[in-house]
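Structural overview for review
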Amino acid sequence: MIKAAIIGLGKMGMSHAAILGGLPEVEMAAMCDTDSLLQNAFKKFTRIQCFTDYKKMIEEVKPDCVYVVTPTKLHYEMVMFAMEHGCHVFCEKPLALTVEEGESLVAKAREKGLVNQVGYHNRYIGTFNEMKRLLAEGVIGRPFHFMGEAYGPVVLKTKGGTWRSDKKNGGGCLEDYAAHVLNLINYVMESDIVDCAGVHMPSIFSGEVEDAVYGSLYMANGLKGQISVNWSDDTVRKMTTSLKIEGAAGKLEADATTLKIYVKEDRPEFGLEKGWNFKYITELTPLVDFNLRGEEYTAESAAFINGILTGRVDTRNSFEKSLQTDRIIQKMKEASL
Amino acid sequence: MDRVILGDNQFFAVNHLSDERSRAQAIRFKEDQAILDVLDNARACGINTFMCTTHDRIANITAYMRKRPEEYKDFKFHPCMPYAHKYANAVTELGILGTLKAYIPGNIFAVTGKAGIAYMRNDYLSLMELLVDAEMKMFQGMQTPVIFLQNVIVDLLYGLGMDEVFVHFAEYIKKKYHAEPGFITMNMPRLVDMCERLGIENPIICSSINKIGFRMSGSIAEYEDYLNSDRKFRPMAMQCLAAGALKPEEAMEYVTRFPKIEAVLFGASSKAHIQQTKDLILRGFAR
């Protein structure tokens, strides 16, 4: 049994706690949050030990792994502390507030030989994985452009008041929303975004942080594309992430439910007919043991836990790979008009 | 329970297969009358139960029906609470405490009144009761023979091991609303086991049941075992069409192989599709 502890019981923390609770190889042993309402609810209704001090929790409970699910500003100190105590760590995205912090975490994880993972769940969604596979196999020929987008109804008023509206804590659309798209582009295109231009990050409702991210992105392999992300969009019911890639021989368009493939000729070796072909998430998602709000959330935790249990680590979301997203985030902050 | 029940995904831009389809539907059902027309078409096909989330627009639908009691006297609702996105967005914007303040009627900071006292005493079960009452307000005067807890909450509570909350929800629904409690879940076998363990007898459990195993966590084989067994639970099948990936004939042929399934929930918006699907379901079970 793997003993797990979670720091931070917001929406994501509770989601991870419930998923871990549903995995048979995991003992969801302890949680840490400063919110007394949650503390009392957990004490009353669950067998999970409750702490308000994460250091005390790690020292007393001695978990095998720790999930860090707090505002980004707190990632560095918590992940470092956990690793220094020999715990494998799953950290929510983005890895840290600065590249320097991220580099220290990568080094420490390597030094201690610990399993390390960041919560970029899109890398576990069937449609994006199939898109990545088809692209690598040359279905649309040589790609010459990509467009990564995400829209959601997160900030629709000027109110603010939570960590997401606070720059110092890692708030803002770039770190919270656009990070997913940047990370997904790196994954699907099998390269890293290394530079940007024409970056425009307007505030729409927020006082202190940006609500949208627009710009051009340049990849290490020479490919260029665009990003368009807006978390003040109430035309969508929930976060909608998508990626389009244009190639010499066709086009690929994917979101979390549907993959559309356009090829200029019949491609029987891929089971594709000339024109538009559709593949749906229904046929692209392997079943998971326990599903809470999406197979990809269970799949990412199952991979993390499996890595600890068997030593066969799925490195797609390692600290090192995730750091590449932090690097371009930093560049975009510096470049923004 | 009626055997054939109409769902609400098509009205509220929910399509688990395709974001594009859901956008098109949002446009089609912009006006409440469009929803009412479909419900009237369903009634004309002999479908008198509507299973819906506690979306704000449902309040408009029930208000319309409340004014026409004779016409809608046989119409039933299966409310499904809470409408997850309403609360998820609220928690993101207001935090958990802010959300409770916004949605629990009464003032949770006042020392008198159920809300204030419950909050002060950390009486979460009473706070839950208040939230249930708030969600049910729009169904006053309507028939609500089964009241469901939504899958995000069900599966969250299951994963966290919050057994007492389940038991209390079931008892409260029976006691206060004289209705059967139902649970929507992505993890049917686990829910059946849990209800048995907690003494929630013969529960109504609504889950995805379809030929391609879409959202049937664990395995299709495990689901089929439970559906073919003598275990005491009342299954309702949803997502039989796998969000549109399956054609109605083959979809319903599969679902109707299991006589244990008491009801089938589906979404459709044209009278022809509603009639066709209903016929397929009833003919399938009659085999």
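Owing to the predicted nature of the structure, the values given are computational and were not obtained by experimental measurement. (Residues numbered from 1 in each chain as written. Chains lettered and ligands numbered in written order. Predicted model: local features only at pLDDT ≥ 70, side-chain atom pairs only at ≥ 80, totals over all residues.)

1. Quick look at the overall build of chain A
Helix and strand content of chain A: 10 helices and 14 strands. Against the 2.2 N^0.38 benchmark of 20 Å for 337 residues, chain A shows a C-alpha radius of gyration of 20 Å, consistent with a compact globule. Dimensions of chain A along its principal axes, counting C-alpha atoms only, are 60 × 45 × 40 Å. Buried positions account for 53% of the 337 residues belonging to chain A. Sequence separation of 24 or more characterises 68% of the internal contacts of chain A that already satisfy a separation of 6 or more. (Helix = DSSP H or I, 4+ residues; strand = E, 2+ residues; numbered from the N terminus. Rg over C-alpha atoms; globule rule 2.2 N^0.38 Å. Buried ≥ 20, exposed ≤ 12 C-beta atoms within 10 Å, placed from the backbone. Contact = placed C-beta atoms within 7 Å.)

2. Here we look at the interface of chain A and chain B
With 35 residues of chain A in contact, the opposing surface of chain B contributes 39 residues. Taken together, the elements giving at least two residues each to the side of chain A that touches chain B come down to α1 (11–22) and α2 (36–45) of chain A. Among the elements that make up the side of chain A that touches chain B, the one with the highest residue count is α1 of chain A (seven residues). Class assignment for the residues of the side of chain A that touches chain B results in 15 nonpolar, 10 polar and 10 charged. (Nonpolar A, V, L, I, M, F, W, Y, C, P; charged D, E, K, R; others polar.)

3. Concerning the environment of glutamate 137 of chain A
Here glutamate 137 of chain A shows up in the loop between α6 (126–136) and β7 (143–151). Taking the C-alpha atoms as reference points, glutamate 137 of chain A and phenylalanine 270 of chain A, 133 residues apart in sequence, are found 9.5 Å from one another.

4. Things to note about the sheet that holds strand β8 (residues 193–200) of chain A
All names here are of chain A. One open sheet holds the eight strands; their spatial order is β8-β9-β10-β7-β11-β12-β13-β14, and the pairing between them is mixed. Edge positions in the sheet fall to β8 and β14 (275–280), since each has one partner strand and no second. Strand-to-strand twist across the sheet, computed as the mean angle between neighbouring axes with direction ignored, equals 15°. Across the sheet, helix α7 (residues 173–189) lies against β7, β8, β9 (212–219), β10 (224–230) and β11 (240–247), angled at about 150° from β7, the strand it touches most. (Pairing = 2+ DSSP bridges. Axes fitted to C-alpha atoms, helices over the stretch in contact; angles between N-to-C directions.)

5. Considering the sheet that holds strand β5 (residues 88–91) of chain A
All names here are of chain A. Taken in spatial order, the six strands line up as β3-β2-β1-β4-β5-β6 in an open sheet, and their pairing is parallel. Two strands in the sheet have a free side with no partner beyond their single neighbour: β3 (49–51) and β6 (116–118). Ignoring which end each strand starts from, the neighbouring axes of this sheet average 20° apart. Two strands pair when backbone bridges link them, and strand β1 (residues 2–7) and strand β4 (residues 65–68) are joined in this way by four bridges, in the parallel orientation. Note that in β4 the partner of alanine 4 across the bridge is cysteine 65. The strands touched by helix α9 (residues 295–310) are β1, β2 (26–32), β4, β5 and β6; relative to β1, the strand with the most contacts, the crossing angle is about 140°.

6. Some remarks on α7 of chain A
All names here are of chain A. Here α7 is 17 residues long and its end C-alpha atoms lie 23 Å apart, about the 24 Å a rise of 1.5 Å per residue gives. At alanine 179, α7 shows its largest bend, some 45°. For α7, the buried fraction is high: 17 of the 17 residues fall into the buried class. Looking at the residues trailing α7, positive phi occurs at glutamate 190, about 55°. (Expected span 1.5 Å × (residues − 1). Bend = angle between axes of the 7 residues up to and from the residue.)

7. Focus: the domain arrangement of chain A
Residues and elements named next belong to chain A. Segmenting chain A into domains produces domain 1 (2–121 + 306–316) and domain 2 (123–286 + 320–335). Between domain 1 and domain 2, the C-alpha centre-to-centre distance is 26 Å. Element by element, the count of residues in the side of domain 1 that touches domain 2 is highest for helix α5 (residues 99–112), at four residues. Taken together, the residues of the side of domain 1 that touches domain 2 break down into nine nonpolar, four polar and four charged. (Domains from an automatic or database assignment.)

8. Structural notes on the packing of helix α11 (residues 248–255) of chain B against helix α12 (residues 271–286) of chain B
Residue and element names in this part refer to chain B. In the contact formed by α11 and α12, the axes pass within 9 Å of each other and the chain directions differ by 35°. As α11 packs across α12, the resulting crossing turns out to be right-handed. Where α11 approaches α12, its residues Pro248, Glu249, Met252 and Glu253 are matched on the opposing element by Gln276, Thr277, Leu280, Ile281 and Gly284. The residue inventory of the contact of α11 with α12, partitioned by class, reads four nonpolar, three polar and two charged. (Left-handed = near helix turned anticlockwise from the far one by under 90°.)

9. Brief notes about the pairing of strand β2 (residues 49–53) of chain B
Residue and element names in this part refer to chain B. Counting buried positions along β2 yields five of five residues, so the element is predominantly enclosed. Here β2 shows no split at all, with Thr49, Met51 and Thr53 on one side and Phe50 and Cys52 on the other all buried. Bridge analysis of β2 against strand β3 (residues 76–81) gives five bridges, and the strand direction is parallel. Note on β3: the bridge partner recorded for threonine 53 is cysteine 80. As a crossover connection, the stretch from β2 through helix α3 (residues 56–66) into β3 is right-handed. (Right-handed = clockwise from strand over helix to strand, strands pointing away.)

10. Overview of the environment of tyrosine 254 of chain B
Residues and elements named next belong to chain B. Following the sequence through the fold, tyrosine 254 ends up in helix α11. On the basis of neighbour counts, which here come to 18 C-beta atoms within 10 Å, the residue tyrosine 254 falls in the partly exposed class. Residues tyrosine 254 and asparagine 210, spaced 44 residues apart in sequence, show a C-alpha to C-alpha distance of 6.8 Å. With residues near it in sequence (within four places) discarded, tyrosine 254 still touches Asn210 and Lys211.

11. Observations regarding the nonpolar core
Counting 180 residues, the largest nonpolar core has Val66, Val68, Val89 and Ala178 of chain A together with Cys240, Val264 and Leu265 of chain B as its most contacted members. Tallying contributions element by element places α7 of chain A first for this core, with 12 residues. If you count residues domain by domain, this core takes at least three from each of domain 1 (2–121 + 306–316) and domain 2 (123–286 + 320–335) of chain A. Residues in contact with valine 68 of chain A, not counting those within four places in the same chain, are Ile7, Gly8, His75, Met78, Val79, Ala82, Val89, Cys91 and Glu92 of chain A. Grouped together as the second largest cluster of nonpolar side chains are seven residues, Leu100, Ile104, Ala115 and Ala118 of chain B included. (Core = buried A, V, L, I, M, F, W, Y, C linked by C-beta atoms within 7 Å.)

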